[in-house]
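Summary of structural features
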Amino acid sequence: MEETIAVSAYLLVWALLTIKSFDLAQSLRVAINNGDTVRPIAKAFTSVFCIIVGLLFMQTHLWFDIWDSIVVYAIHLFIIGYQMVMIWYPKPE
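Okay, so let's go over this structure. What you see is a predicted model; the values in this text were computed from it and never measured.

**Notes on a nonpolar patch on the surface**
Taken together, the side chains of Ile66, Trp67, Val71 and Ile75 present a nonpolar region at the surface, about 330 Å² in accessible area. Examined against the element boundaries, Val71 turns out to sit in helix H3 (residues 69-88).

Here it is, written out as structure tokens:
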């Protein structure tokens, strides 16, 4: 029982960090779409944060062996890719 609570708490922390990653990426996306100047260093640091969170959350899923590894890779690589598109894709015309 205690182990299940610990695993759940650990996964919750990673889920909250993933939500924060999307929040940061969305903030940059809004600034880009509004035509504000977004410095490349802000994009780089946000990208590094999103990648680290995504890879560590993926490693956690693989470590706890909750889902099939192919599903874990697909989900987390999609999340990371989606965040990178939000951060680096230029403003639509």
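Moving on, there is more to tell.
**A short note on H3**
Since the α-helix advances by 3.6 residues per turn, residues separated by three or four positions end up pointing in the same direction. Relative to the 28 Å expected for 20 residues at 1.5 Å per residue, H3 spans 28 Å between its end C-alpha atoms, a close match to the ideal helical length. All of the buried residues in H3 are Val72, His76, Ile79, Ile80, Gln83, Met84, Met86 and Ile87. Relative to the axis of H3, the buried residues are bounded by an arc of 165° and lie together on one face. Those residues of H3 that are exposed and angled more than 90 degrees off the buried face are Ile70 and Phe78.

**Remarks on the pattern of salt bridges**
The tally for this structure, following the rule as stated, stands at one salt bridge. Between Lys20 and Asp23 there is a salt bridge whose closest N-O contact spans 3.3 Å. Of this pair, Lys20 and Asp23 both sit in helix H1 (residues 2-33), three residues apart, roughly one helical turn. Of the residues examined, Lys20 reaches a relative accessible area of 40% and is grouped as partly exposed. Judged by its relative accessible area of 40%, Asp23 falls in the partly exposed class.

Criteria and cut-off values
Residues numbered from 1 in each chain as written. Predicted model: local features only at pLDDT ≥ 70, side-chain atom pairs only at ≥ 80, totals over all residues. Heavy atoms only, no water. Patch = residues over 30% accessible without salt bridge, like charges linked within 9 Å, V, L, I, M, F, W, Y side chains within 5 Å. Areas by Shrake-Rupley, 256 points an atom, 1.4 Å probe, with all protein chains shown as cover. Salt bridge = Lys/Arg side-chain N within 4 Å of Asp/Glu carboxyl O. Helix = DSSP H or I, 4+ residues; strand = E, 2+ residues; numbered from the N terminus. Expected span 1.5 Å × (residues − 1). Buried < 20%, exposed > 50% of the residue type's maximum accessible area, 1.4 Å probe, protein only. Arc of directions from axis to C-beta.

Note that all results are geometric; they support no functional claim without further evidence.
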